[in-house]
Amino acid sequence: MVSASTQEYTSGSARDRLLDAAAKLFYNDGIAATGIDAIVKKAGVAKKSLYNNFDSKADLVAAYLQVRHAEWLGLYAQRLAQAATPVERVLAVFDAYTDHAEHAYERGFRGCGLLNAAAELQVGDAGRAAVRQHKEEVEALLLAQVTALLPEQPAQATQAARHLAFLLEGAMARAGLEGRSDCMRQARPIAAALLEAL
């Protein structure tokens, strides 16, 4: 048995353990600074297990990005289910990002894990495309909810969704720099005011 000082995991599939270890290390230290040896050590598996589950580190990074995207969609689905009004359904996106910022990270909140990853990846990398797709999906979710508020004004709905997406990303970037969710909480009433002015 591996000692607790060299690994954290004693249960779960090797793939799950590797993904969890990679997620923590990529978020804490960055993708480039995290080597395969650190990931397998943290996961408590043999290096062979990594290559039995992932073709390469790039494949592991791709899986990490998919998990982060799915994680956020889960937070959003929970918030959307609690929303009682059309405005609350728009604001559910902001609430999901606040929940993301308040997650219990090992070394504190450092901003959007997807954007942090994209900043490290080369232009043209599939990972950057995955992050862009996530951000476009978030904007599309905003647009769908704003369109429900303005069904007869598609151009205004599109513009408002774009403004809300920019507000969301700016607040998330600033929250990451500050290491806490305050900016996300402050962005929510700004978004509500923008919606009221439509």
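Residues numbered from 1 in each chain as written. Predicted model: local features only at pLDDT ≥ 70, side-chain atom pairs only at ≥ 80, totals over all residues. Heavy atoms only, no water.

Caption draft 1: Local environment of the overall build of the protein chain. Across its full length, the protein chain carries 9 helices and 0 strands. Of the regular secondary structure in the protein chain, the N- to C-terminal order runs α-α-α-α-α-α-α-α-α. Expressed along its principal axes, the backbone C-alpha trace of the protein chain runs to roughly 60 × 30 × 30 Å. Out of the 198 residues belonging to the protein chain, those deemed buried represent 41%. For the protein chain, contacts bridging at least 24 residues in sequence account for 63% of all contacts bridging at least 6. When the accessible surface of the protein chain is summed, it comes to about 10,300 Å², and 53% of that surface belongs to carbon and sulfur atoms. One way to put it: in the protein chain the 21 positive side-chain charges average out to a point 5 Å from where the 23 negative ones average out. (Helix = DSSP H or I, 4+ residues; strand = E, 2+ residues; numbered from the N terminus. Buried < 20%, exposed > 50% of the residue type's maximum accessible area, 1.4 Å probe, protein only. Contact = heavy atoms within 4.5 Å. Areas by Shrake-Rupley, 256 points an atom, 1.4 Å probe, with all protein chains shown as cover. Lys, Arg positive; Asp, Glu negative; His and termini not counted. Charge placed at Lys NZ, Arg CZ, Asp CG, Glu CD.)

Caption draft 2: Representation of helix 9 (residues 182-196) in the model. A rise of 1.5 Å per residue sets the reference length of helix 9, with its 15 residues, at 21 Å; its end C-alpha atoms lie 22 Å apart and thus fit the reference within 8%. Listed in full, the buried residues belonging to helix 9 are Cys183, Met184, Ala187, Ala191, Ala192 and Leu195. Where helix 9 is buried, its residues meet helix 5 (86-101), helix 7 (126-149) and helix 8 (154-178). (Expected span 1.5 Å × (residues − 1).)

Caption draft 3: Here's a closer look at the UniProt feature "domain: HTH tetR-type" (unreviewed entry) in the protein chain. When the UniProt feature table is mapped onto this chain, "domain: HTH tetR-type" (unreviewed entry) is found at residues 12-72. A distance of 22 Å separates the end C-alpha atoms of residues 12-72, which is 77% helix and 0% strand. (UniProt positions renumbered as here; feature names shortened; annotations may be inferred.)

Caption draft 4: Up close: the side chain of His100. Mapped onto the fold, His100 is located in helix 5. Take His100: its relative accessible area is 6%, and that puts it in the buried class.

Caption draft 5: Representation of the pattern of salt bridges in the model. Under the criterion given, the structure shown has 13 salt bridges. One salt bridge in this structure joins Asp29 and Arg107, with 2.7 Å as the shortest N-O distance. On the criterion of sequence distance, the pair formed by Asp29 in helix 1 (residues 14-29) and Arg107 in the loop between helix 5 and helix 6 (113-120) is long-range, its members being 78 residues apart. A salt bridge links Arg162 to Glu139, with the nearest nitrogen and oxygen atoms 3.0 Å apart. Of the two residues, Arg162 sits in helix 8 while Glu139 sits in helix 7, which places them 23 residues apart along the sequence. (Salt bridge = Lys/Arg side-chain N within 4 Å of Asp/Glu carboxyl O.)

Caption draft 6: Layout of the UniProt feature "DNA-binding region" (unreviewed entry) in the protein chain. The UniProt record marks residues 35-54 with the feature "DNA-binding region" (unreviewed entry), using the residue numbering of this structure. The span residues 35-54 is 75% helical and 0% strand by assignment, and the distance between its end C-alpha atoms comes to 14 Å.

Caption draft 7: Representation of the environment of Ser13 within the structure. In this fold, Ser13 is placed in the segment before helix 1. On the accessibility criterion, Ser13 (35% relative accessible area) is partly exposed. Residues Ser13 and Ala32, spaced 19 residues apart in sequence, show a C-alpha to C-alpha distance of 25 Å. Separated by 3.0 Å, the side chain of Ser13 and the backbone nitrogen of Asp16 make a polar contact. (Polar contact = N/O pair within 3.5 Å; in protein donor to acceptor, adjacent residues only side chain to side chain.)

Caption draft 8: Up close: the packing of aromatic side chains. One pass over the structure, following the stated rule, counts 5 aromatic pairs. Between Phe26 and Tyr64, the aromatic rings sit 5.2 Å apart at their centres with planes inclined by 75 degrees, giving edge-to-face as the arrangement. Taken together, the residues span a long stretch of sequence, with Phe26 in helix 1 and Tyr64 in helix 4 (residues 57-82) at a distance of 38 residues. On the basis of relative accessibility, which here comes to 2%, the residue Tyr64 falls in the buried class. On the basis of an interplanar angle of 40 degrees and a centroid distance of 5.9 Å, the ring pair of Tyr105 and Phe109 is categorised as tilted. You'll find Tyr105 and Phe109 in the same group, each marked buried. Here the aromatic residues Tyr27, Tyr105 and Phe109 are joined through ring pairs into a cluster of three or more. Stacked on the ring of Tyr27, the Lys or Arg Arg110 has its end atom at 5.7 Å from the ring centre. (Phe/Tyr/Trp six-rings, centres within 6.5 Å; stacked < 30°, edge-to-face > 60°. Lys NZ or Arg CZ within 6 Å of the ring centre and 35° of its normal.)

Caption draft 9: The arrangement of the packing of helix 4 against helix 7 in detail. Running from amino to carboxyl end, helix 4 crosses helix 7 at an angle of 15 degrees, the nearest separation of the two axes being 10 Å. Considering the angle they form, helix 4 stands roughly parallel to helix 7. Relative to helix 7, the crossing made by helix 4 is right-handed. Along its contact with helix 4, which presents Leu65, His69, Trp72, Leu73, Tyr76 and Leu80, the element helix 7 presents Gly127, Ala130, Val131, His134, Glu137, Val138, Leu141 and Gln145. For the contact of helix 4 with helix 7, the per-class residue count stands at 9 nonpolar, 4 polar and 1 charged. (Axes fitted to C-alpha atoms, helices over the stretch in contact; angles between N-to-C directions. Parallel < 35°, antiparallel > 145°, perpendicular 65-115°, else oblique. Left-handed = near helix turned anticlockwise from the far one by under 90°. Nonpolar A, V, L, I, M, F, W, Y, C, P; charged D, E, K, R; others polar.)

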